[in-house]
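Results of the structural survey
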Amino acid sequence: MAPAEKSKKSRPRNYDLGNGVVRFSRSRVYHKKALYKFVGKKVAPTKKPGKPKVVVKPIGGDKNGGTRVVLVQKRREVYPTQEKIKKRPGKRLFKNHVRTLRPSITPGTVLILLAGGHKGKRVVFLKQLQSGLLLVTGPFQINACPLRRISQRYVIATQTKIDISTVKIDDKINDEYFKRQREKRAKKEEGDVFQKKKEGYKVSEERKVDQKAVDKQVLEGIKKHPDRKILLAYLYASFGLRSSQFPHRMQF
């Protein structure tokens, strides 16, 4: 093997084995690097020689003392009455932040929800929205989880993936699409004795049509999977832990 190929495949000695577990522990690295040799040792700080602020200059004349201390940088003669307003950098708005995504989460990855009304369900990841939230779907026909947004902090990425390269998602399905419309409270008028009851949330017909359109494409990708029967049962079943089961020891 050529040295150039070796350098490409080389990796650090203490690398990640997966799920946040590294190859060597902190105590192991402490002995491998021989850090015990440097415990208690203090290095004296080196001070850089600063520039002199004053200079001693000789002065002629018997009654002038012979020398005089002069400032290297003379003081200003005129000072402004008001300080200049400093230009502050523009506000770093949340919508302008750079969105990152875990490398284990790719389009088609099956995720396990850890929060919300559908926690424990396995869903299919579609894409990342402008706000950084993940767009996922059940599909609804399998586990009754509709199109919804969720933060990547509240999901577990599994190794199961579905080919959704042919799935086309409409551009209108974005962050604005999921915002609920809140109506302003009507002012009380004379004669209104009883308060009107608040109407509960109802799914719009547009949502239902979009849900069916996306789920139809996702189900086609599931049917093309070689283990489609097992995959359907996997998506239908909800995730849970039994006694003596720990998530940090499990491989998803």
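Structure: see above.
Counting of residues starts from 1 at the beginning of each chain's written sequence and follows it residue by residue. Since the coordinates come from a predicted model, pLDDT governs what is reported: local features require at least 70, and pairs of side-chain atoms require 80 or more to be given and counted, while whole-chain, interface and lining totals use all residues. The side-chain numbers reported here are obtained from all heavy atoms of the structure, hydrogens and water having been left aside.

The next point concerns the sheet that holds strand β6 (residues 122-128). Strand pairing is assigned whenever DSSP detects at least two bridges linking the two strands. Secondary structure follows DSSP: runs of H or I at least 4 residues long count as helices, runs of E at least 2 residues long count as strands, and numbering of each begins at the N terminus. Here five strands make up an open sheet; going across it, the order is β8-β7-β6-β5-β9 and the pairing antiparallel. Edge positions in the sheet fall to β8 (148-150) and β9 (155-161), since each of these pairs with one other strand and no more. Averaged over all neighbouring strand pairs, the angle between strand axes comes to 45°, with direction disregarded. Looking at chain direction, β6 and strand β7 (residues 134-137) are connected through four bridges and run antiparallel. Fitted lines through C-alpha atoms serve as axes, helices being fitted only where they are in contact, and the angles separating the N-to-C directions of these axes extend from 0 to 180 degrees.

Within 6.5 Å between ring centres, the rings of Phe, Tyr and Trp (the latter by its six-membered ring) count as paired, and their orientation is classed by plane angle as stacked under 30 degrees, edge-to-face over 60, tilted in between. Inspection of the entire model under this criterion finds three aromatic pairs. Only when the NZ atom of a Lys or the CZ atom of an Arg is both within 6 Å of the ring centre and within 35 degrees of the ring normal do we say a charge sits over the ring. Here the guanidinium or amino end of Arg122 rests over the ring plane of Tyr234, the centre of that ring lying 4.2 Å away.

Buried Ala, Val, Leu, Ile, Met, Phe, Trp, Tyr and Cys residues form a nonpolar core when they are joined through side-chain atoms within 4.5 Å. Partly exposed describes any residue whose relative accessible area lies between the buried limit of under 20% and the exposed limit of over 50%, with all areas from a 1.4 Å probe on protein chains only and scaled to the type maximum. In this structure, Leu126, Leu135, Leu147, Ile162, Ile173, Val218 and Ile222 are the most contacted members of the largest nonpolar core, which totals 20 residues. Of all the secondary-structure elements, those providing two or more residues to this core are β6, α4 (205-223) and α5 (228-236). Looking at this core element by element, the count peaks at four residues for α4. For Ile162, the contacting residues outside a window of four places in its chain are Pro107, Gly108, Val110, Val124, Gly221, Ile222 and Leu231. The next biggest cluster of nonpolar side chains, apart from the first, holds eleven residues, and it includes Leu113, Phe125, Val136 and Val155. Residue contacts follow a heavy-atom distance rule, with two residues in contact if any of their heavy atoms lie within 4.5 Å.

Along the polypeptide, Val69 turns up in strand β4 (residues 67-71). Accessibility expressed as a relative area gives 57% for Val69, which makes it exposed. Each C-alpha atom of the pair Val69 and Gln130 lies 64 Å from the other, and the pair is 61 residues apart in sequence. Not counting chain neighbours up to four residues away, the residues in contact with Val69 comprise Val54, Val55 and Val56.

The next subject is the side chain of Asn143. Structurally, Asn143 can be placed in helix α3 (residues 140-143). Within the local environment of Asn143, its side chain forms a polar contact with the backbone oxygen of Arg122, the two atoms lying 2.7 Å apart. Ignoring sequence-local partners within four residues, the contact set of Asn143 consists of Lys121, Arg122, Gly138 and Leu235. Polar contacts, as counted here, are pairs of nitrogen or oxygen atoms within 3.5 Å of one another; within protein the pair requires one atom able to donate a hydrogen and one able to accept it, and residues that are adjacent in sequence qualify only if both atoms are side-chain atoms.

Attention shifts here to the environment of Val98. Along the chain, Val98 turns up in the loop between β4 and β5 (109-113). When its relative accessible area of 75% is taken as the criterion, Val98 is described as exposed.

A few words on α4. The span you would expect from a helix comes to 1.5 Å times its residue count less one. The end-to-end C-alpha distance of α4, which contains 19 residues, comes to 27 Å, matching closely the 27 Å that a straight helix rising 1.5 Å per residue would cover. Where the residues of α4 are buried, they touch β6, β7, α3 and α5.

What follows concerns the pattern of salt bridges. Criterion for a salt bridge: a side-chain nitrogen of Lys or Arg within 4 Å of a carboxyl oxygen of Asp or Glu. Summed over all chains, the structure comprises five salt bridges. With its nearest N and O atoms 3.3 Å apart, the salt bridge here joins Glu206 to Lys172. Within this pair, whereas Glu206 is found in helix α4, its partner Lys172 is found in the loop between β9 and α4, the two being separated by 34 residues in sequence. Given the relative accessible area of 43%, Glu206 is considered partly exposed. Among the residues examined, Lys172 registers a relative accessible area of 33% and is labelled partly exposed. For Glu205, the salt bridge goes to Lys208, with nearest N and O atoms at 3.8 Å. Here the residue Glu205 and the residue Lys208 both occupy positions in helix α4, the gap between them amounting to three residues, near one helical turn. In this structure Glu205 comes out as exposed when scored by relative accessible area, which is 56%. A residue is classified by how much of its surface remains accessible, and Lys208, at 41% relative accessible area, is partly exposed. Shared partners join several salt bridges into a network, and the residues in it are Lys172, Glu206 and Asp210.

None of the figures reported here should be taken as evidence of function without further support.
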